[in-house]
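# Report on the structure
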Amino acid sequence: MRLYRPRKWKRLAAAAVILLLLAAFINGWYWLPTGRLTVHQVKAAAAALPIMEPLSGRVLFVSPHPDDETLAAGGLLQDVMERGGQVYVVFLTSGDGFEWDARATNREVNVDRADMLRLGLRRMNEARAATAALGIPKDHIFFLGFPDQGLTPIYLQNYLSPYTSPHTGVNRVPYAGTFVPGKPYTGKELDRQLAAVYDQVKPDTVLAPSAQDGHPDHRTAAYVSSRLATQRGEKLYFYLVHGGLEWPLPKGKHEDLPLVPPRPTWQGLKWNRYPVTDHQRKRQIEAIKAYKTQLMVVPRFMWAFVRQNELLLPAPAEGAPIPPADLGK
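Anyway, here's the lowdown on the structure attached to this text. (Residues numbered from 1 in each chain as written. Predicted model: local features only at pLDDT ≥ 70, side-chain atom pairs only at ≥ 80, totals over all residues. Heavy atoms only, no water.)

### Thoughts on the overall build of the protein chain
Secondary structure summary: the protein chain contains 11 helices and 9 strands in total. Within the protein chain, the proportion of its 329 residues that are buried is 49%. The contacts of the protein chain with a sequence gap of at least 6 include a subset with a gap of at least 24, amounting to 77%. As displayed, the protein chain has an accessible area near 15600 Å², and 58% of this comes from carbon and sulfur atoms. (Helix = DSSP H or I, 4+ residues; strand = E, 2+ residues; numbered from the N terminus. Buried < 20%, exposed > 50% of the residue type's maximum accessible area, 1.4 Å probe, protein only. Contact = heavy atoms within 4.5 Å. Areas by Shrake-Rupley, 256 points an atom, 1.4 Å probe, with all protein chains shown as cover.)

Next up, the structure:
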């Protein structure tokens with residue numbers, strides 16, 4: 001036993017050192033070589049990205065969950081309004097599938113379906129506060145109330161028959177204040193409601209999730225929203241929130257650093273930098289603070305989006321040849 005303990009503590013010490021170095025790499029600690037390397041790589045990658053021309057006109061942001069609009073575009077949405085444009089946001093789900101949020105909010109390990117429904121209402125209220133902090137009029141906000149973590153099965157398996165959320169136990173929109181309360185969770189209804197929002201807003205530009213996004217709700221939202229925008233001839237750009245393991249680097253609040261994508265190009269198209277001002281970042285910070293449930297669980301992820309720029313990927317022009325996807329990287 002006496003021989004075992006020293007070896008055990010050596011292993012624990014080695015593991016602690018590895019975790020420390022990993023944290024330095026992830027969070028960009030300037031005083032360690034790994035942190036400085038991360039920061040250097042981020043700055044170099046940003047310098048190679050083109051700077052995007054400002055957006056104007058009527059812009060519709062398609063947000064799979066409450067907070068995506070603030071993280072991915074909190075600055076540029078302000079910029080559109082400051083230039084005389086109009087901004088609209090449609091929330092596809094109410095964020096009622098993130099059980100760690102409910103646990104943190106209730107301070108209990110076990111949560112039930114009623115807790116998840118209360119979480120959905122709370123996250124909708126947080127979204128109202130966040131968009132107000134960004135200056136978006138309250139009548140420019142739409143909630144569809146579809147289930148968090150349910151968009152993919154709804155669209156691929158339950159296009160006609162209602163889907164029952166395993167988190168809330170309901171198969172239709174349960175929330176007051178949504179676009180059409182009480183409608184069934186079907187892919188057809190999702191199509192119909194999002195199309196109705198497009199028809200009401202008549203956007204010049206649609207900002208949709210990227211199909212590269214790591215969250216299945218975002219990927220499904222990418223297919224649905226980009227198809228509708230393409231059919232209507234609206235200008236289309238993609239944004240990214242879940243970019244893979246530990247993205248964006250470095251974690252935490254680094255307002256003096258740029259934001260860069262996991263890969264600079266996708267199918268031959270290059271991500272663009274959209275610069276934001278100090279004033280826009282301050283309002284974005286206030287909007288992030290409105291998402292108290294998220295900040296209780298993933299604060300360093302949330303703050304990592306407060307940067308010198310935001311990112312948009314232009315959709316291919318109609319009729320333009322699309323290079324093959326680089327599947328080897």
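That shown, we press on.
### A few points about the sheet that holds strand β5 (residues 235-239)
Reading across from one edge, β3-β2-β1-β4-β5-β9-β8 is the order of the 7 strands in this open sheet, with mixed pairing throughout. Single-partner strands in this sheet number two, and they are β3 (141-146) and β8 (272-275). Direction aside, the axes of adjacent strands within the sheet are offset by 25 degrees on average. Against the sheet, helix α5 (residues 113-134) makes contact with β2 (86-93) and β3, and its axis sits at roughly 160 degrees relative to β3, the strand it touches most. (Pairing = 2+ DSSP bridges. Axes fitted to C-alpha atoms, helices over the stretch in contact; angles between N-to-C directions.)

### Description of the packing of aromatic side chains
Any two aromatic rings considered together are summarised by their centre-to-centre distance and by the angle between their planes. The final tally for this structure, using the stated rule, is 7 aromatic pairs. Ring geometry for Trp247 and Phe305: centres 5.7 Å apart, planes at 80 degrees, overall edge-to-face. Here the residue Trp247 occupies a position in the loop between β5 and β6 (265-266), and Phe305 occupies one in the loop between α11 (299-303) and β9 (309-314), the gap between them amounting to 58 residues. Assessed through its relative accessible area of 8%, Trp247 is described here as buried. (Phe/Tyr/Trp six-rings, centres within 6.5 Å; stacked < 30°, edge-to-face > 60°.)

### Some details on the pattern of salt bridges
Scanning the model with the defined rule gives 11 salt bridges in all. Note that Asp67 is salt-bridged to Arg123, the shortest N-O span being 3.6 Å. With a gap of 56 residues between them, Asp67 in the loop between β1 (58-63) and α3 (68-82) and Arg123 in helix α5 connect regions that are remote in the sequence. Taken individually, Asp67 and Arg123 each receive the classification buried, so the pair is uniform in this respect. In this structure, Lys289 and Glu286 form a salt bridge, with 3.3 Å as the shortest nitrogen-oxygen distance. A residue pair is termed a helical-turn pair when its members lie 3 or 4 positions apart in one helix, as Lys289 and Glu286 do in helix α9 (residues 278-290) at 3 residues. Judged by its relative accessible area of 40%, Lys289 is partly exposed. Glu286 gets classed as partly exposed once you look at its relative accessible area, which sits at 43%. (Salt bridge = Lys/Arg side-chain N within 4 Å of Asp/Glu carboxyl O.)

### Describing the pairing of β1
Counting buried positions over the 6 residues of β1 gives 5, a clear majority of the element. For β1 and β2, the ladder comprises 6 bridges, and the chain directions are parallel. Note on β2: the bridge partner recorded for Leu60 is Tyr88. Bridge analysis of β1 against strand β4 (residues 205-209) gives 3 bridges, and the strand direction is parallel. Along β4, the bridge assignment pairs Val59 with Thr205.

### Some thoughts on helix α7 (residues 187-201)
Spanning 15 residues, α7 covers 21 Å between terminal C-alpha atoms, matching the ideal 21 Å at 1.5 Å per step. For α7, every residue scored as buried is listed here: Gly187, Glu189, Leu190, Asp191, Gln193, Leu194, Ala195, Val197, Tyr198 and Val201. Buried residues belonging to α7 abut β1, β2, β3, α6 (151-156), β4 and α8 (216-232). Residue Lys202 follows α7 closely and has a positive phi angle near 55 degrees. (Expected span 1.5 Å × (residues − 1).)

### Some details on α5
Taking 1.5 Å per residue, 22 residues should reach 32 Å; α5 reaches 32 Å between its end C-alpha atoms and fits that length. Residues of α5 that are buried make contact with α3, β2, α4 (99-106), β3, α9 and α10 (292-295). Regarding α5, its N-cap is Asp112, as a side-chain oxygen of that residue lies 3.2 Å from the backbone nitrogen of Ala114 further along. Of the residues flanking the end of α5, it is Gly135, one or two places downstream, whose phi is positive at about 90 degrees. (Polar contact = N/O pair within 3.5 Å; in protein donor to acceptor, adjacent residues only side chain to side chain.)

### Things to note about unusual backbone geometry
A cis geometry characterises the amide bond from Trp247 onward to Pro248, with omega recorded as 0 degrees. Here Pro248 shows up in the loop between β5 and β6. Of note, Asp67 is a non-glycine position whose phi angle comes to about 115 degrees, a positive value.

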